[in-house]
Amino acid sequence: MDFQQCKDPRVDVLLPDHLDPQKKYPVLYILPMEADNGSGFGNGLVEAKKADVANKYDMICVYPSFTTVPWYGNHATDPTIRQEDYVLKALIPFIDSKYPTRRDKEGRWLIGFSKSAWGAYTLVFRHPNVFGYAAGWDAPFALNGDNSGKNWGPMGLSNIFGTKENMELSLPTKLAAENASWLKQRCRLVLGVGSYWKPQVEQMHNLLQALGIPHEYRSDLAFPHRWNTGWFAPMVEELVKIARTPQI
């Protein structure tokens, strides 16, 4: 299994053992939830390697890094903080140029937890022609930027988005409602309940149900809030299942 590393910024890539250069592979973008390749909550690509998902599902796995805490947005005024643009305009073109990838939305999948689950959902909601499917586990989906009377933007939100008005454009609940019409057409989401953000995940589940948006809901994965507690492999399995279900 090829566990490749690229630098500036760092991108780790996990390939199937027998990569066929004539074949086009789907790409699973495993989104980090810490800055600078931090491992305080584990490492997503390490879990992918443990579960052998590249071989099991015949796909390429990509694990990028960010110098600032990743919320997958663009800052309102600071041109050096453009995480959404980096994913769309640098990361994806780089991966597509180096590996035999499917270069359509049906072949680009996202998975994350906590902040990166927020990122996975907002990216697929905001860019339906780029990404086809997203799985999010144990995430603060219902955050609205309030911080208990303190300055807005807890957990680094204000650092990434710059203004509350800009951040509100990326609220997962808002985007789900705005995009309900096309999200109803096919199941594209996997939603998993963890132990830390359970009420907010349940709130997102209820919202998706109310909007008529189909999704796979895993309420049986209430593990501790880390990459390596047992939720990753089941969530990937659900994601691959919906992505490879023939369209009617």
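Here the structure is shown first, and the text comes after it.
These lines cover the structure that appears in this document, whether it is placed above or below. (Residues numbered from 1 in each chain as written. Predicted model: local features only at pLDDT ≥ 70, side-chain atom pairs only at ≥ 80, totals over all residues. Heavy atoms only, no water.)

Looking at the layout of surface pockets
What counts is decided by this rule: Grid spacing is 1 Å over the protein atoms alone, the probe is 1.4 Å, and a cavity is where that probe fits but cannot get out, while a pocket is an open set with protein on both sides within 12 Å along at least five of seven lines and lining residues have an atom within 4 Å of a point. Grid points are joined across faces, edges and corners, and a volume is the space filled by probe spheres set on the points. Residue polarity is assigned by list, with Asp, Glu, Lys and Arg as charged and Ala, Val, Leu, Ile, Met, Phe, Trp, Tyr, Cys and Pro as nonpolar; anything else, Gly included, falls into the polar class.
Computed from the structure, the largest pocket encloses a volume of approximately 170 Å³. Lining the largest pocket are Pro 9, Ser 65, Phe 66, Thr 67, Thr 68, Thr 80, Ile 81, Arg 82, Gln 83 and Tyr 86. Broken down by class, the residue content of the lining of the largest pocket amounts to 4 nonpolar, 5 polar and 1 charged.

Quick look at the nonpolar core
Basically, it comes down to this: The definition of a nonpolar core used throughout is a set of buried Ala, Val, Leu, Ile, Met, Phe, Trp, Tyr and Cys residues joined through side-chain atoms within 4.5 Å. Exposure is judged per residue with a 1.4 Å probe applied to protein chains only, and the accessible area is read against the type maximum: over 50% gives exposed, under 20% gives buried, and values in between give partly exposed. Should any heavy atoms of two residues lie within 4.5 Å, those residues are considered in contact.
Residues Tyr 29, Val 62, Ile 95, Leu 110 and Phe 131 are the most contacted members of the largest nonpolar core, which totals 41 residues. Setting aside residues no more than four positions away along its own chain, Tyr 29 makes contact with Val 62, Leu 91, Ile 92, Ile 95, Arg 108, Trp 109, Leu 110, Ile 111 and Phe 131. Counting residues in hydrophobic clusters, the runner-up holds 30 residues, among them Ala 54, Phe 113, Ala 135 and Val 240.

Here we look at the pattern of salt bridges
What counts, and what does not: Salt bridge, as used here: a side-chain nitrogen of Lys or Arg that lies within 4 Å of a carboxyl oxygen of Asp or Glu. Numbered from the N terminus, helices here are DSSP runs of H or I no shorter than four residues, and strands are runs of E no shorter than two.
If you walk through the whole model with that rule in mind, you get 13 salt bridges. For Asp 104, the salt bridge goes to Arg 102, with nearest N and O atoms at 2.7 Å. With a shortest N-O distance of 3.0 Å, Arg 218 and Glu 238 are connected by a salt bridge. Residue Arg 218 is located in strand E8 (residues 216–218), and its partner Glu 238 is located in helix H10 (residues 232–243); the two are separated by 20 residues in the primary sequence. What makes Arg 218 buried here is its relative accessible area of 17%. With relative accessibility at 10%, the residue Glu 238 sits in the buried group. Each of Arg 218, Asp 220, Glu 238 and Lys 241 takes part in one network of salt bridges that share partners.

A short note on helix H3 (residues 83–98)
Counted only if it meets this: Expected helix span is given by 1.5 Å per residue-to-residue step, counting one fewer step than there are residues. The seven residues ending at a residue and the seven starting there each receive a fitted axis; the angle between those axes is the bend at that residue.
Counted at 1.5 Å a residue, the expected span for H3 with its 16 residues is 22 Å, and the 21 Å between its end C-alpha atoms agrees. Of all the bends found along H3, the most pronounced is centred on Leu 91 and spans about 30°, while Pro 93, a proline, follows it within four residues. Of the surrounding elements, those touching the buried residues of H3 are strand E2 (11–15), strand E3 (27–30), strand E4 (60–64), strand E5 (108–113), helix H4 (115–126) and helix H5 (157–161).

A word on the environment of Asn 129
Tracing the chain through its elements places Asn 129 in the loop between H4 and strand E6 (133–137). Taking the relative accessible area as the measure of exposure, Asn 129 reaches 67% and is therefore exposed. In this structure, the C-alpha to C-alpha distance between Asn 129 and Lys 115, residues 14 residues apart in sequence, is 22 Å.

As for helix H9 (residues 198–211)
Inclusion rule: Picture the helix axis, draw a direction to every C-beta atom, and the arc is the one those directions span.
Given a rise of 1.5 Å per residue, 14 residues ought to cover 20 Å, and the 20 Å separating the end C-alpha atoms of H9 matches this to within 8%. All of the buried residues in H9 are Gln 200, Val 201, Met 204, His 205 and Leu 208. Taken around the axis of H9, the buried residues stretch over an arc of 145°, which confines them to a single face. Of the exposed residues in H9, those oriented more than 90 degrees away from the buried face are Pro 199 and Ala 210. Lining the buried residues of H9 we find H4, helix H7 (172–178), strand E7 (189–192) and E8. One or two residues past the end of H9 sits Gly 212, with phi positive at roughly 75°.

Concerning the environment of Val 124
Positionally, Val 124 belongs in helix H4. Owing to a relative accessible area of 1%, Val 124 belongs among the buried residues under this scheme. C-alpha of Val 124 to C-alpha of Leu 175: the two residues are 51 residues apart in sequence and 9.7 Å apart in space. Setting aside chain neighbours within four positions, we find Val 124 in contact with Leu 110, Phe 131, Gly 132, Tyr 133, Ala 134, Trp 182 and Leu 189.

A few points about the pairing of E6
Formally: Here the term right-handed applies to a crossover when the path leading from its first strand over the helix to its second strand runs clockwise, the strands being oriented away from the viewer. The rule for pairing is simple: two strands pair if DSSP sees at least two bridges between them.
Burial runs high along E6: 5 of the 5 residues are buried. The two faces of E6 match: Tyr 133, Ala 135 and Trp 137 on one face and Ala 134 and Gly 136 on the other face are all buried. Handedness of the crossover joining E5 and E6 through H4: right-handed. Sheet topology places E6 next to E7; 4 bridges connect them, and they run parallel. Along E7, the bridge assignment pairs Ala 135 with Val 190.

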